[in-house]
Amino acid sequence: MRGMPTGYRMRWSVPLFLACLVAAPLTGCSSGPSPDGPLKAFATAWSGDDLKALQVFTPAGATLTGAQAQTILDTVTGDLTAVRPAVTVKRKPTVKDDRASGTLTVAWPLAKDVTWSYDTTVELRRKGDRWRVVFEPRVVHPNLTEITKLAVRRSAADRGGILDNAGQPIVTQRPVVTVGVQPNALPNPPVAIGELTAAIARVEPTVSLTDLAARIAAAKPDAFVEVVTLRKEKYLQIRAELQAIQGTRFKESSLPLAPTSVFARALLGSTGEVTKEIMDKNPGKYQIGDRVGLSGLQQRYDDVLRGSPGVQVTIPVPQGGSGTATTLFTSDPKPGAAVRTTLDPKTQTAADGALAGETRRSALVAIRISDGSVVAVANGPGGGQLNLALTAQVPPGSTFKMVTALGVLDNGSVTADATVACPQTLVVGGRTFSNSHEMVLGDAPLHVDFAKSCNTAFASLAPKLGPDGLAKTATTLGVGAPWDLGVDAFAGKVSSGGSETEQAAAAFGQGTTIVSPIAMAGATAAVARGQWKQPTLVTEPAPAKPAADGPQLKPTAVEPLRAMMREVVTAGTADALKRIDGLHGKTGTAEYDSNDLAKTHSWFIGFKGDIAFAVFVENGGLGSAAAVPITGKFFQLLG
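The rules behind each value
- Residues numbered from 1 in each chain as written.
- Predicted model: local features only at pLDDT ≥ 70, side-chain atom pairs only at ≥ 80, totals over all residues.
- Heavy atoms only, no water.
- Helix = DSSP H or I, 4+ residues; strand = E, 2+ residues; numbered from the N terminus.
- Rg over C-alpha atoms; globule rule 2.2 N^0.38 Å.
- Buried < 20%, exposed > 50% of the residue type's maximum accessible area, 1.4 Å probe, protein only.
- Phe/Tyr/Trp six-rings, centres within 6.5 Å; stacked < 30°, edge-to-face > 60°.
- Lys NZ or Arg CZ within 6 Å of the ring centre and 35° of its normal.
- Disulfide = S-S within 2.5 Å.
- Salt bridge = Lys/Arg side-chain N within 4 Å of Asp/Glu carboxyl O.
- Contact = heavy atoms within 4.5 Å.
- Expected span 1.5 Å × (residues − 1).
- Core = buried A, V, L, I, M, F, W, Y, C linked by side-chain atoms within 4.5 Å.
- Axes fitted to C-alpha atoms, helices over the stretch in contact; angles between N-to-C directions.
- Nonpolar A, V, L, I, M, F, W, Y, C, P; charged D, E, K, R; others polar.
- Pairing = 2+ DSSP bridges.

A. Structural context of the overall build of the protein. Looking only at helices and strands, the protein has 21 helices and 27 strands in total. A compact globule built from 639 residues would reach a C-alpha radius of gyration of about 26 Å, whereas the protein, at 34 Å, exceeds it by more than 25%. Over its C-alpha atoms, taken along the principal directions, the protein stretches across nearly 105 × 65 × 45 Å. Expressed as a percentage of the 639 residues in the protein, the buried residues total 50%.

B. Inspection of the packing of aromatic side chains at higher detail. Within the structure shown, the criterion is met by twelve aromatic pairs. Ring pairing ties together the aromatic residues Phe604, Phe613, Phe634 and Phe635, which thus form one cluster. The ring of Phe224 carries the charged tip of Lys251 above its face, separated from the ring centre by 4.1 Å. Here Lys586 stacks its cationic end above the ring of Phe450, 5.7 Å away from the centre of that ring.

C. Inspection of the state of the cysteines at higher detail. The full count for this structure, using the stated rule, is one disulfide. A disulfide bridge connects Cys422 with Cys454, and the sulfur atoms are separated by 2.0 Å. Between Cys422 and Cys454 the sulfur-sulfur dihedral comes to about 105°; the bridge is accordingly right-handed. Residue Cys422 is found in strand β20 (residues 419-422), and its partner Cys454 is found in the loop between α15 (446-452) and α16 (455-460); the two are separated by 32 residues along the sequence. With respect to class, Cys422 is no different from Cys454; both count as buried.

D. Seen up close, the side chain of Ser362. Inspection of the secondary structure puts Ser362 in strand β18 (residues 362-368). For Ser362, a relative accessible area of 1% puts it in the buried group.

E. Geometry of the pattern of salt bridges. Enumeration over the complete set of coordinates arrives at 21 salt bridges. Note that Lys232 is salt-bridged to Glu252, the shortest N-O span being 3.3 Å. In this pair, Lys232 is assigned in helix α6 (residues 232-237) and Glu252 in strand β12 (residues 248-257), connecting sequence segments 20 residues apart. For Lys232, a relative accessible area of 27% corresponds to the partly exposed category. Lys276 is the partner of Asp280 in a salt bridge, and the nearest nitrogen-oxygen pair spans 2.8 Å. You can see Asp280 and its partner Lys276 sitting in helix α9 (residues 276-281), four residues apart, about one turn around the helix. One network of salt bridges, in which partners are shared, links Arg159, Asp302, Asp303 and Arg306.

F. Local environment of the environment of Ser373. Relative to the elements of secondary structure, Ser373 occurs in the loop between β18 and β19 (374-379). Separated by 146 residues in the primary sequence, Ser373 and Val227 have C-alpha atoms spaced 40 Å apart. With residues near it in sequence (within four places) discarded, Ser373 still touches Thr342, Ala366, Ile367, Arg368 and Thr536.

G. View of the environment of Val177. Mapping Val177 onto the fold places it in strand β10 (residues 172-181). The class for Val177 is buried, based on a relative accessible area of 1%. Separated by 126 residues in sequence, Val177 and Leu51 place their C-alpha atoms 48 Å apart. Beyond its immediate stretch of four places on either side in the chain, Val177 contacts Val228, Thr229, Leu230, Lys232, Tyr235, Phe250, Lys251 and Glu252.

H. Representation of helix α2 (residues 66-77) within the structure. The terminal C-alpha atoms of α2, which comprises twelve residues, lie 17 Å apart, in line with the 16 Å expected from a rise of 1.5 Å per residue. With respect to burial, α2 is a largely interior element, nine of its twelve residues being buried. Within α2, the full set of buried residues consists of Gly66, Gln68, Ala69, Gln70, Ile72, Leu73, Thr75, Val76 and Thr77. With its phi angle positive at about 55°, Gly78 sits one or two positions after the end of α2.

I. Structural context of helix α14 (residues 401-411). Of all eleven residues that make up α14, nine are buried, and the element is covered over most of its length. Inspection of α14 places Lys401, Met402, Val403, Thr404, Ala405, Leu406, Gly407, Val408 and Leu409 among the buried residues, and these make up the whole buried set. Count one or two residues on from α14 and you reach Gly412, which has phi positive near 75°.

J. A look at the nonpolar core. In this structure, Leu268, Leu364, Leu537 and Phe634 are the most contacted members of the largest nonpolar core, which totals 115 residues. Among the elements that make up this core, the one with the highest residue count is helix α19 (residues 517-529) (nine residues). Dropping the residues within four chain positions of it, Leu268 is found in contact with Ile162, Ile170, Val171, Ala258, Phe263, Ser295, Gly296, Leu297, Gln298 and Leu343. With 38 residues, the next largest nonpolar core counts Leu104, Trp108, Leu110 and Leu124 among its residues.

K. Representation of the packing of α19 against helix α20 (residues 555-571). As a packed pair, α19 and α20 sit with axes 9 Å apart at the nearest point and diverge in direction by 115°. Seen from α19, the contacting residues are Thr524, Val527, Ala528 and Arg529; seen from α20, they are Val558, Leu561, Arg562 and Met565. The residue inventory of the contact of α19 with α20, partitioned by class, reads five nonpolar, one polar and two charged.

L. Seen up close, the sheet that holds β12. Read across the open sheet, the three strands follow the order β11-β10-β12; overall the sheet is antiparallel. Among the strands making up the open sheet, the edge pair consists of β11 (225-231) and β12. On average, each strand axis in the sheet is inclined to that of its neighbour by 30°, with strand direction left out of account. Sheet topology places β10 next to β12; ten bridges connect them, and they run antiparallel. Looking at β12, one finds that Val179 is bridged to Phe250.

M. How the structure looks around unusual backbone geometry. Here the amide bond leading from Glu540 into Pro541 is cis, since omega sits at 0°, within 30 degrees of zero. Its location among the elements puts Pro541 in the loop between β24 (538-540) and α20. Unlike most non-glycine residues, His437 shows phi in positive territory, near 55°.

N. The pairing of strand β26 (residues 600-608), seen in detail. Summarising burial for β26: eight of the nine residues are buried, a large majority. Bridging between strand β25 (residues 584-591) and β26 involves eight bridges; their strand directions are antiparallel. Within β26, the residue paired with Gly585 across the bridge is Gly606. Summarising the sheet, β26 and strand β27 (residues 611-617) pair through seven bridges and their orientation is antiparallel. Residue pairing for β27: Trp603 is matched across the bridge by Phe616. Connecting β26 to the next strand, β27, in antiparallel fashion are two residues, including Gly609 with a positive phi near 60°.

What follows is the structure in structure tokens.
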């Protein structure tokens, strides 16, 4: 029998593995006449999958090492060798002369929410003043013998869906085609790889086949070497080209997928076969072949979505034997539960489409103003799986003039029509601040300074807010306050208590203030609504710690601010969008490298109707150059 200890002689006329397990002094077992200690020590050692510290004896009294005992255990447990059961004493041993008998409960964790439990009887014998456990295959399970072992078969459970705001599945099983090659059918692998690369680039330009040559060389001659898995509709676009490449092979199946390959991709995340790294981090939780969430909501809510696979434990007929397998345990698969979101498919599709042509990392977040629902979380194709829309930590640039303006309007220190000078430069604490393109407005009203985005005018307003006034105002808009979307999100961190130079920089969105698109979209929604409400994204399961509503904003502050945001579009830095009725906004150009002021992020925040939004383009330059055109495309697609 494979794996049996060297020198262990098989005897078929008596139980093969009948043995005595001695609790040596190192085990800490009782050395008295009671068998309780040795039985408990055995249960503990089995639970820890480590019998090496124990002694095992054959029925004739010959000694086996603990390593040999472990080999026997590993052999008869078969497919469960790598699983650690929970073994506990159910009934203490009853004693008659030099023999005793106790009961153990063995619980094998087979899968999520699937445990196979049974009782097994363990005999003990006394030798001298010590009790020893009798160990044989039927101790592992009463139906096992010296020539059988346990086998496990699993059947996958349906994964729970991720739902939209109407309760409809976003992610569902959709047809796919896996394209592969058979090495011994390729007349010229380099040529085939080149043809595959060209064909696939037409429908999936981000797919790289740089490792394909090495994988073909390492594979068996008749193996199926996977090249790429394509949605069926994309495969059909290039089917003729692929099938014309000699040596290609194709497998049709289905995978849980969103409506399109870019639909909220970074937020929804992906699934795949469990990796060794994941299994090592979660011992006993997964089995080889399990499909798990690898990123995004699929990963965050994997325990909810994954469900429980069907599991069957059997004792197969030994090789060369006859009869039928013995079924010991069966559990039917249980589908996973759904995760419900507030995403609106139409709005999400428009957001994804608006970013489709942007090669730089970018993001667009849209919130329904009336109830705070996040209806779109889009990330441009250049960002891969990185969810900048929710987790970016970047300076807001001039979009933060919305917060500064609210602060001074709220405390009454300035009105929208009050004159606030806009010189070309302003020196504060030894640092010179300047405007984009050396702009000079002179003595202009605040609403013009805002519409034209004058940095020097807003830097001069910092003393009117004091050391912490900007941070306090931002908090009323949810920026920097803790809140819970049900998924990782950065609420922002606002400059407070800095030097006069830092306060001046923070007043127009520079300094140490950092935000995310979701934080700025939420703040904009608060201005439009007149009160901050925490954005909502995942509704089932409900987030654990949602934030309370913010205070009602003064109409005397938010009404003029809204008018100023409308002027940005009609006569200011976003006038390229002035034909969009009802659009309010604020552009932002955020410097992020003090050694190179040409390195800037592009922002545009605003609202129209019941939608508030934030658009961000990393290294995009002026807000009017990158973020504003994306916004125009978004509302064009939204219709």
